[in-house]
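An overview of the molecular structure
What follows is each chain in one-letter form.
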Amino acid sequence: MVQVTPTHRRDLLRAGAALTATGALTTGCGTTGTATAAPPTVTPTSPSASPRRLPFQVTHGPRTTAAVALTFHGQGDPALAEQLLGSAEQHGAHLTVLAVGSWLDQYPAMARRVLDGGHDLGNHTQRHVSVNAMAEADARKEITDCAERLRRLTGSIGSWFRPSRAPTASPLVARLAAEAGYPHVLSYDVDSLDYTRPGAPAITRKVLAEVTGGSVVSMHFGYPDTVAALPAVLQELHRRGLRAVTTTELLS
């Protein structure tokens, strides 16, 4: 992984707003649409929006760093989301939340809650459908509708996009994300499988068996087991000398 010039994390959280001038979950997101996208033909014009030397589809950060990014698909009971965010903050951890636009429509205060806690906030499509399987116009609307919600609620479209119902974006969705102002698609190298409801101990074991320096971990709001597992995950990461940081910090 190429090291990237450090950029202030708060600036990155808000940088997506400039780009717009240019132009519990019922299932998890890792089961379909595994195509790997080629670099998009459209490049966002703002150099400060995101580190520029990263691959377009980011799976993990530098393996030499003593940090990991815990990323959450943002949907489900807001009370569980509050519990999870509060638990992370008590442990000094910062998370990345990829929010579903329809969830933000229901619970608009959650957008500011995430950012005010020092966490990253990004785009996980408007309705959490299989975006890789959609026609171009429909897929574009899924991405841009969520981006518009984020911009309206926070002043920024967010720094990160993750496709719904797939770990990586198809070439079409990758291009549409770039056109919408997202310099990178955020994938992951560790899947907690928490959406299968295996129980908190199983989630903890799965994450800790696979996580290493630079890992990006996929988890979900909306599941009590995930809330219950998080303290043990964070405690063991701390014991191993790994900090839980936002994706922006991990990749800066």
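Residues numbered from 1 in each chain as written. Predicted model: local features only at pLDDT ≥ 70, side-chain atom pairs only at ≥ 80, totals over all residues. Heavy atoms only, no water.

Quick look at the overall build of the protein chain now. If you tally the helices and strands in the protein chain, you get nine helices and eight strands. Burial statistics for the protein chain: of 252 residues in total, 58% are counted as buried. Carbon together with sulfur atoms contributes 53% to the accessible area of the protein chain, which is approximately 9,800 Å² in total. (Helix = DSSP H or I, 4+ residues; strand = E, 2+ residues; numbered from the N terminus. Buried < 20%, exposed > 50% of the residue type's maximum accessible area, 1.4 Å probe, protein only. Areas by Shrake-Rupley, 256 points an atom, 1.4 Å probe, with all protein chains shown as cover.)

This paragraph deals with the environment of A133. Looking at the element boundaries, A133 is found in the loop between strand 4 (120-123) and helix 5 (136-154). Of the residues examined, A133 reaches a relative accessible area of 70% and is grouped as exposed. Along the primary structure A133 and S170 are separated by 37 residues, whereas in three dimensions their C-alpha atoms are 8.6 Å apart.

With the rule as written, the count across this model stands at 16 salt bridges. Put simply, D105 and R149 hold a salt bridge, and the shortest N to O gap is 3.0 Å. Of this pair, D105 sits in helix 3 (residues 101-106) while R149 sits in helix 5, placing them 44 residues apart in sequence. For D105, a relative accessible area of 37% gives the class partly exposed. One salt bridge in this structure joins E210 and K206, with 2.7 Å as the shortest N-O distance. Taken as a pair, E210 and K206 lie in helix 7 (residues 200-210) at a separation of four residues, close to a single helical turn. The exposure class assigned to E210 is partly exposed, which follows from its relative accessible area of 36%. A network of salt bridges, in which partner residues are shared, links E136, R140, R175 and E179. (Salt bridge = Lys/Arg side-chain N within 4 Å of Asp/Glu carboxyl O.)

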